[in-house]
Amino acid sequence: MVLTLHNTLTRKKAPFTPLDPTNVRMYVCGPTVYDNAHIGNARPIIVFDVLYRLLRHIYGADHVTYARNITDVDDKINDRAAKEYPDLPLNEAIAQVTELTTEQFHKDIAALGVLEPTHEPACTDHIPQMVEMIKVLIAKENAYEEEGHVLLDTTSVPDYGRLSGRSLDEMIAGARVEVAPYKRNPADSVLWKPSTDEQPGWDSPWGRGRPGWHIECSAMAKEYLGKVFDIHGGGIDLTFPHHENERAQSTCAHGTSEMAQVWMHNGYLQVEGRKMSKSEGNFVTISELLTGDGFGGRPWQGGVLRLAMLKTHYRKPIDWTLSQLKECRKEMEWFNLKVDHSIGPGRLAAELSSGQSSHHPDPGIISALSDDLNTPLVVSRLHELASSAKSENEKIALLYNLHFLGLMGPRDYKAFSAMGFVTDTSIGQILNAHDQFDLAERLRVAQVNDNQQNFTRLIHEVESWGVEVEIRRRIGDLSFKAPDRDSESKKIAEIELLIEARNKARAEKDFAESDRIRDELDAMGIVLKDGPEGTTWEVKR
């Protein structure tokens, strides 16, 4: 199966051939850690995590190198540090901001099912490499020093603007650093700038200062992936000026025709039809979505957020809406219902952790991903797998594919396998999956001590917290005893989810899917009746 990718540089989709199949190399621009990452920042993290998983599948996990940086040198970081920690020396205040923000970033993306990259370099650890690259650019007359600054001479780069496809006027208008008297040309970008005594800085041949934005990634990419590597990714907003200047700096410094052979960019994200911004009141962070109640009045499970991203092709704009999240939540519930009937406790989790799983990603999913990450088609294929999953092996295969796509991992499995019934550990598992360890422990103690009154009181506390998996609906009468796994309530929930999926297919005029779901319900002994008031159902007599 041939992997094809869209290359921003050529504006075409073409078969991907790695420079070295034994070491496929990818670089993606990571966060600037001045504040918690917002949902727009999550999109490239998820998109290129999916590509990383696909490359590992095709070439082998040991033959893919993925570098994603942390930008911890930025004037926004300095400003926030001075504002929030006025009593600390600036460098200590900056360390507080970057450490806490980086820690939150890691926690957030882990909840989104994102794998750790091979390398995660921080800018502050690679200042010497940046200084050396700047010295080379000066020696080659691609850069110049002026008033304590060092700037890239864009007129010395023959094909400057090729990546972004921008004219000189557009480049000037879109430049991150405003036009200054020390620039020979308005489009020239800063490689190094002086620091005051109050600002963070490092010694260099041009005086104490700090690097510009673009040189950071050029230096770190070369350090971990070499002068030319396979794939460079990021959001479409980075095409210019960041990636344009990265490419120019790297090719000039190394004397190569390219920095990366394939450039990939994901589309913009807006919220409820509007550009996301704090002034619009629709700015939402990943952390707020996972733990807060500001978007839809509830927290959202990481797999739901990830599914919402995958349902739109990565190159298209995405509209982040509450209705979309609600739909994805129902879909994840349906997947969970389909995988938890016959699977032995932790069987797949044990297989995955031991590396001995006999399962493989579905060929239809791999085919869709190999076509420039066609994730909407992947989601459709997941629905097909879920609908046809009857045997234990088919349900484990479905779970494996959810795991492969990052939609469900071993930790999620522990929680979701408990949905629909109560055991001596199920509530604890659900709460542990949501980091409510103290409450989970108190529930376990109440169960072990056979304290029905305390158990019921704690369950009401769970309800008031609004746990993601809606424990009250799942466990019915809050009985201490586990109801039958094939209980009527669970069957009803599955039937209603199927009917909703059928109605959606009918609304979208996907009559083949609609008929397939009706046939599935018929096989379950369910008769549908479509009328003016909607669809009703009854058990076949």
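Scroll up to find the structure.
My aim in this report is to walk through the structure given alongside it, one point at a time. Just so we're clear, the structure is a prediction, and the values are computed from it rather than from any experiment.

### A look at the overall build of the protein
Part 1 of the reasoning: Along the backbone of the protein there are 21 helices and 15 strands.
Part 2 of the reasoning: Looking at the protein as a whole, 51% of its 541 residues qualify as buried.
Part 3 of the reasoning: Here the protein displays about 24,400 Å² of accessible surface, and carbon together with sulfur accounts for 50% of that area.

### A closer look at the pattern of salt bridges
Part 1 of the reasoning: Inspection of the entire model under this criterion finds 22 salt bridges.
Part 2 of the reasoning: Ionic pairing is found between Asp159 and Arg247, a salt bridge with its closest N-O pair at 2.7 Å. Here Arg247 lies in helix H7 (residues 239–254) and Asp159 lies in the loop between strand E6 (149–152) and helix H5 (168–174), a separation of 88 residues in the sequence.
Part 3 of the reasoning: Judged by relative accessible area, which is 3%, Arg247 ranks as buried.
Part 4 of the reasoning: Close ionic contact of Glu508 with Lys504 constitutes a salt bridge, the shortest N to O distance being 2.9 Å.
Part 5 of the reasoning: A relative accessible area of 52% means that Glu508 is categorised as exposed.

### Let's talk about the sheet that holds strand E5 (residues 143–146)
Part 1 of the reasoning: Pairing in this open sheet of four strands is antiparallel, and the strands run E5-E6-E7-E8 from one edge to the other. Whereas interior strands pair on both sides, the edge strands pair on one side only; in this sheet they are E5 and strand E8 (209–211). Ignoring which end each strand starts from, the neighbouring axes of this sheet average 20 degrees apart.
Part 2 of the reasoning: Sheet analysis places strand E7 (residues 189–194) next to E8, joined by three bridges and oriented antiparallel. The residue of E8 that forms the bridge with Lys193 is Arg210.

### Looking at the pairing of E7
Part 1 of the reasoning: Bridge count for E6 against E7 is three bridges, and the pairing is antiparallel. Looking across to E7, one finds that Leu152 is bridged to Ser189.

### Structural notes on the packing of aromatic side chains
Part 1 of the reasoning: On inspection of all chains with the given rule, the structure shows five aromatic pairs.
Part 2 of the reasoning: Both rings, one in Tyr27 and one in Phe229, keep their centres 6.5 Å apart while their planes meet at 50 degrees; by these two values the pair is tilted. Residue Tyr27 is located in strand E3 (residues 24–28), and its partner Phe229 is located in strand E9 (residues 229–235); the two are separated by 202 residues in the primary sequence.
Part 3 of the reasoning: We classify Tyr27 as buried; its relative accessible area is 0%.
Part 4 of the reasoning: Taking the ring centre of Tyr52 as reference, the NZ or CZ of Arg56 above it sits at 5.1 Å.
Part 5 of the reasoning: In this arrangement the basic side chain of Arg184 is found over the ring face of Tyr144, its NZ or CZ atom lying 4.0 Å from the centre.

### Some points on the sheet that holds strand E11 (residues 269–271)
Part 1 of the reasoning: A sheet is described by the order of its strands in space; here three strands give the open sequence E12-E11-E13, paired in mixed fashion. Each edge of the open sheet carries a strand with a single partner, namely strand E12 (274–275) and strand E13 (318–320).
Part 2 of the reasoning: Relative to E13, E11 runs parallel, the two sharing three bridges. Looking across to E13, one finds that Val271 is bridged to Trp320.
Part 3 of the reasoning: Strands in contact with helix H9 (residues 302–310) are E11 and E13; relative to E13, the strand with the most contacts, it is inclined by about 150 degrees.

Conventions adopted
Residues numbered from 1 in each chain as written. Predicted model: local features only at pLDDT ≥ 70, side-chain atom pairs only at ≥ 80, totals over all residues. Heavy atoms only, no water. Helix = DSSP H or I, 4+ residues; strand = E, 2+ residues; numbered from the N terminus. Buried < 20%, exposed > 50% of the residue type's maximum accessible area, 1.4 Å probe, protein only. Areas by Shrake-Rupley, 256 points an atom, 1.4 Å probe, with all protein chains shown as cover. Salt bridge = Lys/Arg side-chain N within 4 Å of Asp/Glu carboxyl O. Pairing = 2+ DSSP bridges. Axes fitted to C-alpha atoms, helices over the stretch in contact; angles between N-to-C directions. Phe/Tyr/Trp six-rings, centres within 6.5 Å; stacked < 30°, edge-to-face > 60°. Lys NZ or Arg CZ within 6 Å of the ring centre and 35° of its normal. Contact = heavy atoms within 4.5 Å.

Honestly, that's just the spatial picture; any functional story needs more than this.
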